[in-house]
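A structural walkthrough
Here's the letter readout for the chains.
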Amino acid sequence: MPIYQAPLRDYQFILSELLNIYQQPNLSGFDEIDPELADAILQGVADFTTEIMLPLNASGDLEGCQLVDGKVITPKGFKQAYKQYVDDGWATLTCDPEYGGQGLPEVIGTFATEMKTATNMAFAMYPGLTHGAYSAIHVHGSDALKQKYLAKLVSGEWTGTMNLTESHAGTDLALLRTKATPAADGQFAISGEKIFISSGDHDLAENIIHLVLAKLPDAPEGVKGISLFAVPKFMVNDDGSLGEANSLSATGLEHKMGIHGNSTCVMHFDNALGELVGAPHQGLKAMFTMMNQARLGVGIQGLGVSDIAYQNALEYAKGRIQGRALSGAKQPEQAADSILVHGDVRRMLLSQKAFNEGTRALMGQQALWLDSAERHTDPAQAKQASMLAALFTPIVKGFVTDQGFKACVDAQQVYGGHGYINEWGMEQFVRDIRIAMIYEGTNGVQALDLVGRKLLSDKGAALTLWSGMVKQLIQENSANANMQPYIAGLMDAAGDLEKATGFIVKSASTNPDIIGAASMAYMQLFGITTLAWMWTRIAATSFAAIEAGTEETEFYKGKLKTAQFYMSYWGSQTRSLRKQIESSSAHIANFDDADF
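Here is a short report on the structure shown in this document. (Residues numbered from 1 in each chain as written. Predicted model: local features only at pLDDT ≥ 70, side-chain atom pairs only at ≥ 80, totals over all residues. Heavy atoms only, no water.)

1. A look at the overall build of the protein
When its secondary structure is counted, the protein shows 17 helices and 11 strands. Here the C-alpha radius of gyration of the protein, 24 Å, is about what a compact globule of 596 residues would show, namely 25 Å. The principal-axis extents of the C-alpha atoms in the protein amount to approximately 75 × 60 × 60 Å. When burial is assessed residue by residue, the protein has 57% of its 596 residues classed as buried. Relative to all contacts within the protein whose residues are 6 or more apart in sequence, the contacts with residues 24 or more apart total 75%. Carbon and sulfur atoms provide 53% of the accessible area of the protein, an area that totals close to 24500 Å². Positive and negative side-chain charges in the protein, numbering 45 and 65 respectively, have mean positions lying 6 Å apart. (Helix = DSSP H or I, 4+ residues; strand = E, 2+ residues; numbered from the N terminus. Rg over C-alpha atoms; globule rule 2.2 N^0.38 Å. Buried < 20%, exposed > 50% of the residue type's maximum accessible area, 1.4 Å probe, protein only. Contact = heavy atoms within 4.5 Å. Areas by Shrake-Rupley, 256 points an atom, 1.4 Å probe, with all protein chains shown as cover. Lys, Arg positive; Asp, Glu negative; His and termini not counted. Charge placed at Lys NZ, Arg CZ, Asp CG, Glu CD.)

And the structure:
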């Protein structure tokens, strides 16, 4: 069975030193959490995930979910594990105390989610989707709807889903056909079929609240005519007890490449009764609250699975002996050296390590922006945080899952032939994480969103705001000789990003197809530059700790070495990505269809 060591020391570093979350007097509720509480919570999640969730990962993958007499049965052990998850209160961490939540910052919840997805991605999706449904109802639902559903969703006693996709309409939601007809008591009868519904049916909870996109009879054409409805599996009586079954069902289970322990369902709604979430024809706005939450969660999947794959690949590389180092035997007492001496193995492992640690810091920053958008006492600061979180959503979803998948493939490669064999667990990691590049908006859509909406539609306001933060970091450390390698790397990456941005903005005015042609390379360039920014901040924080005096000098020196590798290896890619954008985008856009 694969091993896993929760990165608790890294969490402490990010929370206490890099982000300094315990000194945030302008964020309401942050004064109620201190390092001891955060450490205790994250240690508790670490214990639960390694002791309960991880042992079920491989068995859940092999057994999968089953559809029996119209009901989904989850793999052996999942139901008991979920009950313990609920009983221990892990579902409540970041939810509103008014509905039974603990009200902790999202930045704490993000790291809890990383551990859950690392140890059992399929299992973690059940509470993950529930939290998204909670968020949508919490932000957009009526008071009556909140009172009806939120306490049970917060506790985890009930779970939630999101129902967007239809067989004929994937990303283009304007084409959806599911209908909502007014019924008695302010309810609506929902009819239609949805596919690819994660956690659509299961035996973990007594009720499932489906959030369903549908069109009312008077709906205008296109996405402006979409409404969102809360449709329970079992009707809820006035006293909160469960009534009769609603007229909906899981009519099929998808046979998937990975995440076999999660039920991916075809859902059929036959005049199922539901209630409107938010205003009529404003469903996409309400659903995007859930989707943006989900996109952060999917990005965390890219990080979590990449990290557990790295940990196992590193352990394997240390123990697997094969060949000798080119410079001579490093372990002469053995028949051969460990494969860790080989340059290409070191390259793959270092690339994974640098990506994982830099991305973990980025995820913490993104979560802190989301916290600030919701909790900052200064509306202007809250707005800026919201702008930054929106700008980086396609990065944490698209770039992180692209690179997280590649990191898992590299980890598998470290094993050689054993990586292809089921018993080592590496091929499951590769299969599981592959979906993260597809669902919640494919990464191509994320790249297009970054360029078409975040870069061009607001005239680059959010990008300008972040660029100012990058320039400030460079200026603050420009006189520090120790920081020069990191500052130089950041300046090179930021310069390439700036030139690529200018090229796209100029080209798009005469040929809009350039936007789509350049968007994927631009997202990768943006992501690599973002991590260069994070690693520069990590380096500055590490130098400060060493200069102040610490008993953990080796920890901080390790950060500095990894930062140097990142700048030299990952940072060198920004120039080629910029050149690719400038030289190939027009060819992609203008290539004749007949010549494919």
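2. Section: the pattern of salt bridges
Scanning the model with the defined rule gives 23 salt bridges in all. A salt bridge links Asp61 to Arg431; the shortest N-O distance between them is 2.7 Å. With a gap of 370 residues between them, Asp61 in helix α3 (residues 55-63) and Arg431 in helix α11 (residues 426-434) connect regions that are remote in the sequence. Judged by its relative accessible area of 6%, Asp61 falls in the buried class. A residue is classified by how much of its surface remains accessible, and Arg431, at 15% relative accessible area, is buried. With its nearest N and O atoms 2.7 Å apart, the salt bridge here joins Glu275 to Lys148. Of the two residues, Glu275 sits in strand β11 (residues 264-276) while Lys148 sits in helix α7 (residues 143-155), which places them 127 residues apart along the sequence. (Salt bridge = Lys/Arg side-chain N within 4 Å of Asp/Glu carboxyl O.)

3. A short note on the environment of Ala214
Tracing the chain through its elements places Ala214 in strand β6 (residues 207-214). Overall, Ala214 belongs to the buried group, its relative accessible area being 0%. Considering only alpha carbons, one finds Ala214 and Gly89, 125 residues apart in sequence, at a separation of 33 Å. Dropping the residues within four chain positions of it, Ala214 is found in contact with Leu176, Thr178, Lys179, Ala180, Ile190, Gly225, Ile226, Ser227 and Phe229.

4. Things to note about the packing of helix α10 (residues 379-414) against α11
In a packed pair of helices, the relevant descriptors are the angle between the two axes and the axis-to-axis distance. Where α10 meets α11, the closest approach of the two axes is 9 Å, and the angle between their N-to-C directions is 165 degrees. The angle between the axes of α10 and α11 places the two elements in the roughly antiparallel class. Taken as a pair, α10 and α11 cross one another with a handedness that is left-handed. Counting all contacts with α10, which are made through Phe405, Cys408, Val409, Ala411 and Gln412, the residues of α11 involved are Met426, Glu427, Val430, Ile433 and Arg434. Along the lines of polarity and charge, the residues of the contact of α10 with α11 split into 7 nonpolar, 1 polar and 2 charged. (Axes fitted to C-alpha atoms, helices over the stretch in contact; angles between N-to-C directions. Parallel < 35°, antiparallel > 145°, perpendicular 65-115°, else oblique. Left-handed = near helix turned anticlockwise from the far one by under 90°. Nonpolar A, V, L, I, M, F, W, Y, C, P; charged D, E, K, R; others polar.)

5. Some words on the nonpolar core
In terms of nonpolar packing, the biggest core is built from 187 residues, with Leu211, Trp466, Tyr522 and Phe526 touching the most fellow members. At 18 residues, helix α8 (residues 283-319) tops the list of elements feeding residues into this core. For Leu211, the contacting residues outside a window of four places in its chain are Ala133, Ala136, Ile137, Thr161, Met162, Asn163, Leu228, Phe229, Ala230, Val277, Met287 and Met290. (Core = buried A, V, L, I, M, F, W, Y, C linked by side-chain atoms within 4.5 Å.)

6. Some points on the packing of helix α2 (residues 35-53) against α3
As a packed pair, α2 and α3 sit with axes 5 Å apart at the nearest point and diverge in direction by 45 degrees. Judged on the interaxial angle alone, α3 and α2 are oblique. Residues Thr50, Glu51, Ile52 and Met53 of α2 form the contact with α3, whose participating residues are Pro55, Leu56 and Asn57. Broken down by class, the residue content of the contact of α2 with α3 amounts to 4 nonpolar, 2 polar and 1 charged.

7. Examining the pairing of strand β9 (residues 242-245)
Look at any regular strand and the pattern is simple: side chains alternate between the two faces of the sheet. Of the pairings in the sheet, the one linking strand β8 (residues 234-236) to β9 comprises 2 bridges and is antiparallel in character. In the strand pairing of β9, Phe234 is matched with Ala245. Adjacent in sequence and paired antiparallel, β8 and β9 are bridged by 5 residues, among which Gly240 carries a positive phi angle near 90 degrees. (Pairing = 2+ DSSP bridges.)

8. Thoughts on unusual backbone geometry
Glycine aside, negative phi is the norm for most residues, and most peptide bonds take the trans geometry. Here Phe196, not a glycine, exhibits a phi torsion of approximately 60 degrees, which is positive. Assignment of secondary structure puts Phe196 in strand β5 (residues 188-198). At His281, a residue that is not glycine, the phi angle is positive and equals roughly 65 degrees. Looking at where His281 falls in the secondary structure, it is placed in the loop between β11 and α8.

9. A closer look at the packing of aromatic side chains
Scanning the entire structure with this criterion turns up 26 aromatic pairs. Ring geometry for Tyr85 versus Phe123: centroids 6.4 Å apart, planes at 80 degrees, classification edge-to-face. A residue pair is termed long-range when its members are at least 10 positions apart, and Tyr85 in helix α4 (residues 78-87) and Phe123 in helix α6 (residues 121-140) qualify at 38 residues. The exposure class assigned to Tyr85 is buried, which follows from its relative accessible area of 2%. (Phe/Tyr/Trp six-rings, centres within 6.5 Å; stacked < 30°, edge-to-face > 60°.)

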